[in-house]
Number of protein chains: 2
Amino acid sequence: MDTPLLNERDIDFLLYELLDTESLLQRPRYREHSREIFNATLQSARTVAEKHFANHNAKGDANEPHFDGERVHLIPETKQAWDAFAEAGFLAAHCDEEEGGLQLPEVILRTALAYVSAANVASAAYPFLTIGAANLIRSFASDDLKARFLPPMLDGRFSGTMALTEPDQGSALGDLRTTATAAGDGSYRIRGQKMYISGGDHSLTDNIVHMVLARIEGAPAGVRGISLFLVPRNLVDDKGNVGERNDVQLAGLLHKMGYRNTTSTVLSFGEGDGAVGYLVGEPHRGLGYMFQMMNEARIGVGMGATVLGYQGYNHALEYARSRPQGRLPSSRDARSPQVPIIRHGDVRRMLLAQKAYVEGALALCLYASSLHEDQRTAPGAEGRSNAAQLLDLLTPVIKSWPSRYGVVANDIAIQVLGGAGYIREYPLEQLYRDNRLNPIHEGTEGIQGLDLLARKVPAEGLAGYQLLQGAIRQTVMEARDCSSLAGQAGALEKTLQQLDETTLKLMGQLQADPDRGLANATLYLDAFGRVVVAWIWLRQALAAERGLADADSDTERHFYRGKLQAARYFSEWELPQAGPQLTLLSEGNSTPYEMEDAWF
Amino acid sequence: MDTPLLNERDIDFLLYELLDTESLLQRPRYREHSREIFNATLQSARTVAEKHFANHNAKGDANEPHFDGERVHLIPETKQAWDAFAEAGFLAAHCDEEEGGLQLPEVILRTALAYVSAANVASAAYPFLTIGAANLIRSFASDDLKARFLPPMLDGRFSGTMALTEPDQGSALGDLRTTATAAGDGSYRIRGQKMYISGGDHSLTDNIVHMVLARIEGAPAGVRGISLFLVPRNLVDDKGNVGERNDVQLAGLLHKMGYRNTTSTVLSFGEGDGAVGYLVGEPHRGLGYMFQMMNEARIGVGMGATVLGYQGYNHALEYARSRPQGRLPSSRDARSPQVPIIRHGDVRRMLLAQKAYVEGALALCLYASSLHEDQRTAPGAEGRSNAAQLLDLLTPVIKSWPSRYGVVANDIAIQVLGGAGYIREYPLEQLYRDNRLNPIHEGTEGIQGLDLLARKVPAEGLAGYQLLQGAIRQTVMEARDCSSLAGQAGALEKTLQQLDETTLKLMGQLQADPDRGLANATLYLDAFGRVVVAWIWLRQALAAERGLADADSDTERHFYRGKLQAARYFSEWELPQAGPQLTLLSEGNSTPYEMEDAWF
């Protein structure tokens, strides 16, 4: 594999120059670690990714899982990748040492996993879902369930899924109809059908642990009557031995445009005597628990979308440097040699746009992981609570912005390659297809917009929102003192002000008429994301100015110049598009809202 | 097939209320026609499309052409579709009656073909390319070539291709290296390799007529040394009998993300004794001739992109009306029934955006066909020359705007369906993949931007550009008198003014520094297209206001209300995005231009 998965210099910059990851070493939990250990971990992940995941990315796409009536078959490389991932310890890397983990900080774990996603997002889904399911069990399940299910999930014998969606309910979780009946022995019998369950069946592991949302008989309607159950594909006895098949059947495989090597399944629970399920935590509080896994998955989707965009950018950059075609407009001599296409202004524009999207998105996702870390291990309660509030506010942005602009980056990468971009003999079109799932799964853009505007912004008297405003203003003040960044600081401040005024107006509208007030929530999400990423870019620019001052080689200077140019591009080309959006929002534009069904 | 291919009411509106298609009946060429004949022709096309093209759209995608070492195999439905199309007379419908044609006006022909593309854009490519190749022969070839090749191309025994691109040259046609050597008998021997040749091999017809660009030995370098040759796959004797295979070999099939049932080939000409080719027209003037077919193909790509977007919109609309999910934000009762998703504000926004894109694009494409008609049959030389200048100016917009926003429409349609949008069991993801080729083939967006800014706008002292400005101002004046449209008129006028100022600045920059002046040409193309489509929408709004005044049923009133709401949406949501774009252009923003290779 010649094209790099990501960019190690960029990751180094993000971890140690943008984010102060090294300061984690001062926290008691990470006292035994060092920057060398962090970097060795990343190297190890990169090696696993290159050797065991990248090798079958195209093959898994062309030979998707199939069901022979009894078993689901995956290409054998998938199992080798799963084993390599487990053997390298990444299923448990973030767990405590006493659990057999490495006590790795979240931001290092997620960076490590980013390499794996960049190599093969479809095969990466199996371990990633397993980590999320295991985390859910660790947080909320009884000691008995933990003892039976966690060890095999952390060492790779069992895998995990999240089973929320049903055929008739989609995003509206409150309407789910899967039922749970107490069996009298403490367990429940689960009955119902779940759809779009990734990793819902396969032959990678001895068992699959489904984390299932269901309604205990007699539970209240809506989201307050949902409970969480652990439903293994195969029953497990007290000693952890895998026994007979539970009443969980594969009703069908779905065939997706991307992520093809991740099975997407329809699962039937309890077509016979009922599937044995174990209640996790308290009854009727399941959705609250599941939000832990959903939020983790949402940040994971943002990261997956980011690195697919990043892979596309790396390919497009290589192609643009090596493909000679045409001459500059100023060249009149038809006999002069052709120039590499990177010398064409429009190609540089397309590459710079991709760089701005994918490096901006990666910075955003790693910042999210640092907040995730801080909410648990930051010194002082205020630091932890601030991090939690910021992460809560930003989760819909972290899920949706990289998803939308990751696809845009892949779209532009295809455009750089021209015809080669849409030919399956090149990797771009698969990246584009893979990435197109990300603005939908784990909550569509529309759902994220509602979440941001109706829940996250107003939460706790706009507390998280005010924290973010303060953090952005802080960066603006710093940047204003740096003459080369003063213009960008001013542009961000102006748009932030417009966002703030718009937000306060919308808060009023939400009270007066929630249907109308939320009608343009997706537009708000996009404008909000644009401001957040402009902020992240301004922070990168500040770090790059610091780096440039101390740089001692052309390579280093070029790297920082590239960061500064991308930040400038984002400020000049992307941020101003928030202007017309915020105007529409602030005026309460109702043209789409008032469109009637009969007029279509 | 339940989902309509297009929307007959919309087409009726565009042909007879927006464009004055009925006035064609007063032109001598169409004196024998009637509106009934036009409509019967469209019905006939719709029937062929529904019966013979839509039936294998998904099947052709899933079972793409393959080469067994001797022949290229297509699924048999492709041949049945070809035959049905030829039997219905559409290969020759626009030709003179004395040639065996129907003397159908261009705008009716293209509307008819739009149904076929909407049903199956991949299988439609074979007849569409044949029509273009036959038109090229009709315009420029000798009587002998016409006599031998046109009749079988018009009745469906032979098909045609355009063979321009080569592996090492891509968009830079001036660098093509295929050679032509005079054989002494009036024919030439062609040697070279051509790539991305759609329909370059298949088993639909007795013969394939390749229209090949090549360089006669000793010809000048660059675009001024290119000649056009007719190179049949099989030789044809004086009596029109198909003889032995010419020295044209299939070097390989390319596998695309979309349009899969259109073969995309690498062809080797003259690996043996040289492929027999016949010069079309004068030596070294081939590129000029080929532009006739390229322009026709570019408008065809715009239309193909439009109707793929339209199909997606029709599917999304049906889905949104029939899929219940969730409740409105104002509804607090978890036991109340779910609502169809069209009742959610964000879904209506997504549907209205699609409607604005696809109906705007269809109006643009049919307007283009009316210009194509007028340049040949308008009464008076000035009418013909004005139409020719406008069409010439607008061709890059007609190619690229529907291509870009057709993909956006399909992207939004996927979003409306959620998970079902990316599952291959539903038609959306294929439409999206098919459509993704359109911003590339027949000239990328970058190429269209350069064409617009460097050639089409400045052509003949900005003559076509001034004509367009005048036409838009005329519409603005009309709309200003209509109180409900005065706001839209003002918005368009303001942006038009900004575009005009920007254009004049750019004309100066082009002189001073062409590389820098053209660096943002793609952005100019997008802003220019936004203004043009806003104009087309304002014209539709004017026609809708007229229709609304006379409407005598709710159905009619709803139709016009929908047009008016979409026009308003475009004016309020889409047009203002040109503001920041024109600011960047007018300031001569050079951030991407100044990005250095080493900084990436």
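Residues numbered from 1 in each chain as written. Chains lettered and ligands numbered in written order. Predicted model: local features only at pLDDT ≥ 70, side-chain atom pairs only at ≥ 80, totals over all residues. Heavy atoms only, no water.

Student: Just checking my understanding: could you explain the overall build of chain A for this structure?
Tutor: For chain A, the count of helices and strands is 19 helices and twelve strands. Here the C-alpha coordinates of chain A stretch approximately 80 × 60 × 55 Å along the principal axes. A total of 600 residues make up chain A; the buried ones form 64% of that total. Long-range contacts, defined as pairs at least 24 residues apart, comprise 74% of the intrachain contacts of chain A with a sequence gap of at least 6. Surface accessibility of chain A: about 20900 Å² in total, with carbon and sulfur atoms responsible for 47%. When the 58 positive and 75 negative side-chain charges of chain A are each reduced to one mean point, those points stand 4 Å apart. (Helix = DSSP H or I, 4+ residues; strand = E, 2+ residues; numbered from the N terminus. Buried < 20%, exposed > 50% of the residue type's maximum accessible area, 1.4 Å probe, protein only. Contact = heavy atoms within 4.5 Å. Areas by Shrake-Rupley, 256 points an atom, 1.4 Å probe, with all protein chains shown as cover. Lys, Arg positive; Asp, Glu negative; His and termini not counted. Charge placed at Lys NZ, Arg CZ, Asp CG, Glu CD.)

Student: Can you walk me through the interface of chain A and chain B in this structure?
Tutor: A common measure of how large an interface is: the accessible area buried when the components associate. At the interface, 89 residues of chain A touch 89 residues of chain B. Contact between chain A and chain B buries roughly 8100 Å² in total, counting both sides, with carbon and sulfur atoms accounting for 58%. Connecting chain A to chain B are eight salt bridges. Between aspartate 411 of chain A and arginine 436 of chain B there is a salt bridge, with its nearest N and O atoms 2.6 Å apart. At the junction of chain A with chain B, the criterion picks out 43 residue pairs in polar contact (both at pLDDT 80 or more). The element best represented in the side of chain A that touches chain B is helix H18 (residues 554-574) of chain A, accounting for eight residues. (Buried area = accessible area lost by both parts, 1.4 Å probe. Salt bridge = Lys/Arg side-chain N within 4 Å of Asp/Glu carboxyl O. Polar contact = N/O pair within 3.5 Å; in protein donor to acceptor, adjacent residues only side chain to side chain.)

Student: Whenever I open this one, the UniProt feature "domain: Acetyl-CoA dehydrogenase-like C-terminal" (unreviewed entry) in chain A confuses me. Can you help?
Tutor: Residues annotated by UniProt as "domain: Acetyl-CoA dehydrogenase-like C-terminal" (unreviewed entry) correspond here to residues 471-595 of chain A. Measuring from the first to the last C-alpha atom of residues 471-595 of chain A gives 39 Å, for a span that is 81% helix and 0% strand. (UniProt positions renumbered as here; feature names shortened; annotations may be inferred.)

Student: What am I meant to see in the packing of aromatic side chains here?
Tutor: Each pair of aromatic rings is reported with the distance of its centres and the angle of its planes. The full count for this structure, using the stated rule, is 39 aromatic pairs over all chains. Counting every residue linked through ring pairs, the aromatic cluster contains Phe53, Phe85, Phe90 and Phe128 of chain A. A cation sits over an aromatic face here: arginine 436 of chain B above tyrosine 432 of chain A, 5.8 Å from the ring centre. (Phe/Tyr/Trp six-rings, centres within 6.5 Å; stacked < 30°, edge-to-face > 60°. Lys NZ or Arg CZ within 6 Å of the ring centre and 35° of its normal.)

Student: How do you make sense of the domain arrangement of chain A when you look at a structure like this?
Tutor: Domain boundaries in chain A define domain 1 (8-151), domain 2 (159-284) and domain 3 (447-594). Summarising the inter-unit geometry, the C-alpha centres of domain 2 of chain A and domain 3 of chain A are found 40 Å apart. (Domains from an automatic or database assignment.)

Student: Looking at this structure, how should I read the confidence of the model for chain A?
Tutor: Do not read the fine detail of predicted coordinates wherever pLDDT is low. In this model, chain A carries an average pLDDT of 97, and 100% of its residues clear a pLDDT of 70 or more. Here the predicted complex scores 0.98 on pTM and 0.97 on ipTM. (pLDDT = per-residue confidence, 0-100.)

Student: How should the relation of the copies chain A and chain B be read in this particular structure?
Tutor: What relates the two chain copies is a rotation about an axis together with a slide along it. Here chain A sits on chain B after a turn of 180° about the axis and a move of 0.0 Å along it, with an RMSD of 0.0 Å. The transformation relating the two chain copies, once decomposed into turn and shift, fits a two-fold axis. When C-alpha positions in chain A are compared against the rotation axis, the closest is assigned to glutamine 577 of chain A, at 3.4 Å. The fraction of interface residues of chain A whose copies in chain B are also interface residues reaches 100%, indicating that both copies meet through the same surface. (Least-squares fit on C-alpha atoms with pLDDT ≥ 70 in both.)

Student: Please clarify how the side chain of aspartate 10 of chain A should be interpreted in this entry.
Tutor: Residue and element names in this part refer to chain A. Inspection of the secondary structure puts aspartate 10 in helix H1 (residues 8-18). Its relative accessible area of 0% is what places aspartate 10 among the buried residues. A polar contact of 2.7 Å, which involves the side chain of aspartate 10, links it to the side chain of lysine 563. With residues near it in sequence (within four places) discarded, aspartate 10 still touches Tyr310, Glu359, Leu362, Phe559 and Lys563.

Student: Any chance you could explain the packing of helix H2 (residues 35-53) of chain A against helix H5 (residues 106-119) of chain A here in plain terms?
Tutor: Packed helices, taken two at a time, are described by the angle between their axes plus the distance between the axes. Residues and elements named next belong to chain A. Two elements in contact, H2 and H5, have axes whose closest approach is 8 Å; the angle formed by their N-to-C orientations is 15°. Judged by the angle between their axes, H2 and H5 are roughly parallel. At the point where H2 passes H5, the crossing takes the right-handed sense. Here Phe38, Thr41, Leu42, Ala45, Arg46, Ala49 and Phe53 of H2 come into contact with H5, specifically with Ile108, Thr111, Ala112, Tyr115, Val116 and Ala119. Class assignment of the residues belonging to the contact of H2 with H5 gives a composition of ten nonpolar, two polar and one charged. (Axes fitted to C-alpha atoms, helices over the stretch in contact; angles between N-to-C directions. Parallel < 35°, antiparallel > 145°, perpendicular 65-115°, else oblique. Left-handed = near helix turned anticlockwise from the far one by under 90°. Nonpolar A, V, L, I, M, F, W, Y, C, P; charged D, E, K, R; others polar.)

Student: Got a minute to help me understand the nonpolar core in this structure?
Tutor: A general feature of soluble globular proteins is that nonpolar side chains tend to end up buried together. Ranked by internal contacts, the top residues of the largest apolar core, which has 314 residues, are Tyr524 and Phe528 of chain A together with Tyr524 and Phe528 of chain B. Ignoring sequence-local partners within four residues, the contact set of tyrosine 524 of chain B consists of Leu452, Leu453, Val457, Tyr465, Leu499, Thr503, Leu506 and Leu585 of chain B. (Core = buried A, V, L, I, M, F, W, Y, C linked by side-chain atoms within 4.5 Å.)

Student: Is there a simple way to explain the pattern of salt bridges in this structure?
Tutor: Proximity of charged atoms lets side chains of opposite charge pair with each other. All names here are of chain A. One pass over the full model with this rule turns up 84 salt bridges over all chains. With a closest N to O distance of 2.9 Å, aspartate 374 and arginine 27 form a salt bridge. Of the two residues, aspartate 374 sits in helix H9 (residues 345-377) while arginine 27 sits in the loop between H1 and H2, which places them 347 residues apart along the sequence. Here the salt bridges share partners, and the residues they tie into one network are Arg404, Glu445, Asp526, Arg530 and Glu574.

Student: It is not clear to me how helix H6 (residues 121-140) of chain A should be interpreted in this structure. Could you clarify?
Tutor: For the α-helix, the turn length of 3.6 residues means that residues three or four positions removed from each other point alike. In this model, H6 of chain A (20 residues) spans 28 Å end to end at C-alpha, consistent with the 28 Å of a helix rising 1.5 Å per residue. H6 of chain A sits mainly inside the fold: 16 of its 20 residues count as buried. (Expected span 1.5 Å × (residues − 1).)

Student: What should I look at first to understand the pairing of strand E6 (residues 207-216) of chain B in this one?
Tutor: In summary, the side chains of a regular strand alternate between the two faces of the sheet. All names here are of chain B. Along E6, ten of the ten residues are buried, which leaves the element largely enclosed by surrounding structure. In this structure, E6 lies alongside strand E7 (residues 227-232), joined through six bridges in antiparallel fashion. The residue of E7 that forms the bridge with valine 209 is proline 232. (Pairing = 2+ DSSP bridges.)

Student: What am I meant to see in unusual backbone geometry here?
Tutor: The phi angle of most residues is negative, glycine excepted, and most peptide bonds adopt the trans form. Residue and element names in this part refer to chain B. The phi dihedral of glutamate 442 is positive, around 65°, even though this residue is not glycine. Within the secondary structure layout, glutamate 442 lies in the loop between helix H12 (428-435) and helix H13 (445-456). Under the relative-accessibility criterion, glutamate 442 is labelled partly exposed at 26%. One non-glycine residue with positive phi stands out, namely glutamate 460, at about 50°. Among the residues examined, glutamate 460 registers a relative accessible area of 64% and is labelled exposed.

Student: Where do I start with the packing of H1 of chain A against helix H17 (residues 521-550) of chain A in this structure?
Tutor: Residue and element names in this part refer to chain A. Taken N-terminus to C-terminus, the directions of H1 and H17 make an angle of 90°; their axes are 10 Å apart at the nearest point. Between H1 and H17, the crossing angle belongs to the class labelled roughly perpendicular. Counted together, Phe13, Leu14, Glu17 and Leu18 of H1 and Arg539, Gln540, Ala543, Ala544, Arg546 and Gly547 of H17 form the full contact between these two elements.

Student: How do you make sense of the environment of lysine 355 of chain A when you look at a structure like this?
Tutor: All names here are of chain A. By secondary structure assignment, the location of lysine 355 is in helix H9. Residue classification places lysine 355 among the buried residues on the basis of a relative accessible area of 2%. Placed 45 residues apart in sequence, lysine 355 and tyrosine 310 show a C-alpha to C-alpha distance of 7.9 Å.

Student: For this particular structure, what's the right way to read the environment of leucine 109 of chain A?
Tutor: Residue and element names in this part refer to chain A. As for its placement among the helices and strands, leucine 109 is situated in helix H5. Note on leucine 109: relative accessible area 0%, which makes it buried. Sequence separation between leucine 109 and glutamate 545 is 436 residues; the distance between their C-alpha atoms is 28 Å. With residues up to four places along the chain from it excluded, the contact list for leucine 109 reads Phe90, Ala93, His94 and Leu104.

Student: Any chance you could explain the environment of tyrosine 524 of chain A here in plain terms?
Tutor: Residue and element names in this part refer to chain A. Tracing the backbone through its elements, the reader meets tyrosine 524 in helix H17. Classification of tyrosine 524 by relative accessible area gives buried; the value is 0%. The spatial distance from the C-alpha of tyrosine 524 to the C-alpha of threonine 503 is 8.7 Å, given a sequence separation of 21 residues.

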